[in-house]
Amino acid sequence: MSLKQQVDPEKLPRHIAIIMDGNGRWAKKKGKLRIFGHENGVKAVREATEASAELGINYVTLYAFSSENWRRPKREVDTLIDLLIKTVHSELKTLMDNSIRLNTIGDTRQLGEKCYNALNLAKDETKENKRMVLTLALNYSGRWDIEQAMRNVAYDAREGSLDPETIDQDVIKQYLTTAEMPDPELLIRTSGEHRLSNYLLWQLAYSELYFCPTFWPDFRKEHLYQALINYQSRERRFGQISEQIKK
Ligand code: FPP
């Protein structure tokens, strides 16, 4: 039985979040510049997206540029942003052909006008696509997300459109950048690092975490199937005990 056949279609997560890590180390191992790793990461993005859409996953959210990534050398940041613009253009047809809607979370304005416009154009072109939502987290961090939510909660409370007494977790969720999506049931991080790195902090509260040693540019559909098979073997208890889940 192939790995794909071992994935139970009845027990799929609706939302997979991915920390694409290891591009730089992959390139270094080959004696190349870090950007060579990012360029080769694009193929892995395509593989993960395609495999998810084919299986019927509804949401995939990729950590493509964190708020902390600005600390990298300017040349790497500029080249990453250029690569993003180029990729958004070159992948648009594939997104349309597969009915995938492109979405972003994070403060994309700061990525520069050219990148911001390219993203908005692609988001607009794909907005009617229904099969899957591909979200790129760009200039994003989990704490930033909570911070902007809290600010807007405070504005609305001050203005009178939100009663502080009614603020609960469902209300807070509506103010997060991920308001329209279910929380990810599965987080995948590549490259052998075991950290959340300020990703989707609120949303990952109950997610299953899967770490694999593969560097992101080597990530293929089979790696996604493996992550899903592992996820499906776990028991998600949400604070209950095993016997309660099995009832
Ligand atoms: C992490 O590897 C990767 C990134 C910060 C960028 C990811 C970008 C891409 C895969 C390219 C284009 C993406 C899209 C969505 C079009 P790292 O640089 O942190 O690697 P290291 O940990 O080995 O240094």
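Report on the accompanying structure. (Residues numbered from 1 in each chain as written. Predicted model: local features only at pLDDT ≥ 70, side-chain atom pairs only at ≥ 80, totals over all residues. Heavy atoms only, no water.)

### A look at the site of the ligand
Rules: What makes a residue near a molecule or strand is one non-hydrogen atom of that residue sitting within 4 Å of it. Polar contacts, as counted here, are pairs of nitrogen or oxygen atoms within 3.5 Å of one another; within protein the pair requires one atom able to donate a hydrogen and one able to accept it, and residues that are adjacent in sequence qualify only if both atoms are side-chain atoms. Areas reported here follow the Shrake-Rupley algorithm with a probe of radius 1.4 Å; residue values treat only the protein chains shown as occluding. Only protein atoms enter the 1 Å grid used here. Points where a 1.4 Å probe fits but cannot escape make up a cavity, open sets with protein on both sides within 12 Å along at least five of seven lines make up a pocket, and a residue lines them when an atom lies within 4 Å of a point. Occupancy of a cavity or pocket is assigned to a molecule whenever over half of its atoms lie within 2 Å of that pocket's grid points. Only DSSP runs of H or I with at least four residues qualify as helices, and only runs of E with at least two residues qualify as strands; both kinds are numbered from the N terminus onward. Residues are sorted three ways: Asp, Glu, Lys and Arg are charged, Ala, Val, Leu, Ile, Met, Phe, Trp, Tyr, Cys and Pro are nonpolar, and all the rest, Gly among them, are polar.
Contacts to the ligand come from 19 residues, most closely from Asp21, Gly24, Arg25, Arg34 and Arg72. Between the ligand and the protein, one listed contact pairs an oxygen atom with a backbone N or O atom of Asn23 at 3.1 Å. Measuring from an oxygen atom of the ligand, one finds a side-chain N or O atom of Arg34 at 2.8 Å. Protein contacts shield 91% of the accessible area of the ligand, which totals 630 Å² for the unbound molecule. Of the pockets mapped on this structure, the ligand occupies the largest pocket. Those elements that provide at least two residues to the shell around the ligand are helix H2 (23-29), helix H3 (34-55) and helix H4 (74-97). Within the shell around the ligand, the residues separate by chemical class into 8 nonpolar, 7 polar and 4 charged.

### Focus: the layout of surface pockets
Selection criterion: Grid points are joined across faces, edges and corners, and a volume is the space filled by probe spheres set on the points.
Considered as a void within the structure, the largest pocket measures approximately 990 Å³ in volume. Lining of the largest pocket is provided by 44 residues; of these, Met20, Asn23, Tyr63, Ala64 and Phe65 occupy positions nearest its centre. When contributions to the lining of the largest pocket are tallied by element, the ones reaching two or more residues are H2, H3, strand S2 (59-66), H4, strand S3 (100-105) and strand S4 (132-140). Taken as a whole, the second largest pocket spans an internal volume of roughly 260 Å³. Lining the second largest pocket are 14 residues, and of these Asp183, Trp202, Gln203, Ala205 and Tyr206 lie nearest its centre. Residue composition of the lining of the second largest pocket, by class: 5 nonpolar, 3 polar and 6 charged.

### Section: the nonpolar core
As a reminder, the rule being used: Take the buried Ala, Val, Leu, Ile, Met, Phe, Trp, Tyr and Cys residues and link them wherever side-chain atoms come within 4.5 Å; each set so joined is a nonpolar core. Burial classes: relative accessible area under 20% of the type maximum marks a residue as buried, over 50% as exposed, and values in between as partly exposed (1.4 Å probe, protein chains only). Between two residues, a contact is recorded if the distance between any of their heavy atoms is within 4.5 Å.
In terms of nonpolar packing, the biggest core is built from 44 residues, with Ile16, Ile18, Leu55, Ile188, Phe219, Leu224 and Leu228 touching the most fellow members. Here this core takes 8 residues from H4, the largest share from any one element. Residues contacting Ile18, with those up to four places away along its chain left out, are Ala48, Val60, Thr61, Leu62, Tyr63, Leu187, Ile188, Tyr199, Trp216 and Leu224. Core analysis: the next-biggest nonpolar cluster, separate from the first, contains 13 residues, Ile19, Met181, Leu187 and Tyr199 among them.

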